[in-house]
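Residues per chain are reported as follows:
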Amino acid sequence: MTELRAYLAERKKKRAVVYPHSSLWFNAFTLTPKDEVKVVILGQDPYHGPGQAHGLSFSVPQGVPIPPSLLNIYKEIDADLGDGEGQLVARRQGCLTGWAEQGVFLLNSVLTVEQGQAAAHQGRGWETFTDSVIAHLSEHREQVVFLLWGSYAQKKGQVIDAKKHLVLKCPHPSPLSAHRGFLGCKHFSKANNYLLENGQKAIDWFQVS
């Protein structure tokens with residue numbers, strides 16, 4: 001972490017534009033304290049466009065257009081749990097703080113990126129930190145739902161104890177892969193059924209902000 005901090009300071013000194021703002025690097029941890037985590041959704045690294053990243057995987061701030069992967073997530077929720085009217089897709093709003101406040105831990109593997117450069121900060125230390133976070137949740141919590149979308153998240157989730165938790169896997173919701181099994185996965189109803197079966201409150205997946 002000391003080396004990572006030094007690296008980030010050096011990048012800023014060289015006038016690199018780093019997303020999100022440093023005050024939001026740990027936004028997921030702030031909005032979803034460890035003891036309140038019910039569902040974990042693992043992302044890879046933040047969005048690298050201006051105004052998009054705010055410290056929650058797959059989420060964008062209010063007023064920012066919905067990214068393609070999140071739009072597919074909304075399509076799946078509408079198909080899985082909706083009334084056929086496409087409520088989430090029609091809402092055109094991509095801020096997921098409502099999920100985070102219900103116990104959905106929206107964790108990226110890497111917590112910073114540089115403008116226009118996807119994966120710019122991979123391999124700099126964030127992964128070691130977030131691997132430890134996942135291992136800690138697996139060891140010290142019980143009956144958490146882990147949603148692992150795509151091979152990257154599934155590899156990172158290998159430390160999760162599937163005997164204590166529900167681990168759901170499918171392809172990534174990206175437009176490149178969503179049709180290979182993300183659309184139709186029913187992860188959202190499966191997550192809620194598991195939570196209810198274990199005496200926890202279900203997530204209102206339509207309450208996104």
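What counts as what
- Residue positions are counted from 1 within each chain, in the order its sequence is given.
- Reporting in this predicted model follows two pLDDT cut-offs: at least 70 for local features of residues, and 80 or more for side-chain atom pairs to be given and counted; totals over whole chains, interfaces and linings ignore these cut-offs and use all residues.
- For the side-chain quantities, the full set of heavy atoms in the structure was used; hydrogens and water were omitted.
- The rule for a salt bridge is simple: a side-chain nitrogen of Lys or Arg has to be within 4 Å of a carboxyl oxygen of Asp or Glu.
- Secondary structure elements follow DSSP: runs of H or I of four or more residues count as helices, runs of E of two or more count as strands, with numbering from the N terminus.
- Relative accessible area decides the class of each residue, using a 1.4 Å probe on protein chains only: under 20% of the type maximum gives buried, over 50% gives exposed, and in between gives partly exposed.
- A pair of strands counts as paired when DSSP detects no fewer than two bridges linking them.
- For helices, the axis comes from a line fit to the C-alpha atoms of the stretch in contact; other axes are also lines fit to C-alpha atoms, and the angle between any two N-to-C directions lies between 0 and 180 degrees.
- Only heavy atoms enter the contact rule, under which two residues are in contact if any of them lie within 4.5 Å.

Caption draft 1: The arrangement of the pattern of salt bridges in detail. Across all of its chains, the model carries three salt bridges by this definition. With a closest N to O distance of 2.7 Å, Arg11 and Glu114 form a salt bridge. Placement of Arg11 in helix α1 (residues 2-13) and of Glu114 in strand β4 (residues 113-114) is noted, with a sequence separation of 103 residues between them. On the basis of relative accessible area, Arg11 is assigned to the partly exposed category, the value being 22%. On the basis of relative accessible area, Glu114 is assigned to the buried category, the value being 4%. Between Asp131 and Lys156 there is a salt bridge, and its shortest N-O distance comes to 2.5 Å. One end of the pair, Asp131, is in helix α6 (residues 126-140); the other, Lys156, is in helix α7 (residues 151-156), with 25 residues separating them in the sequence. Judged by its relative accessible area of 34%, Asp131 is partly exposed.

Caption draft 2: Inspection of the sheet that holds strand β6 (residues 166-170) at higher detail. With parallel pairing, the four strands of this open sheet are ordered in space as β3-β2-β5-β6. Each of the sheet's edge strands pairs with one partner strand only, and the pair in question is β3 (104-108) and β6. Neighbour to neighbour, the strand axes of the sheet diverge by 20 degrees on average, direction disregarded. The strands touched by α6 are β2 (39-43), β3 and β5 (145-149); relative to β3, the strand with the most contacts, the crossing angle is about 150 degrees.

Any functional reading would require information beyond the geometric quantities listed.
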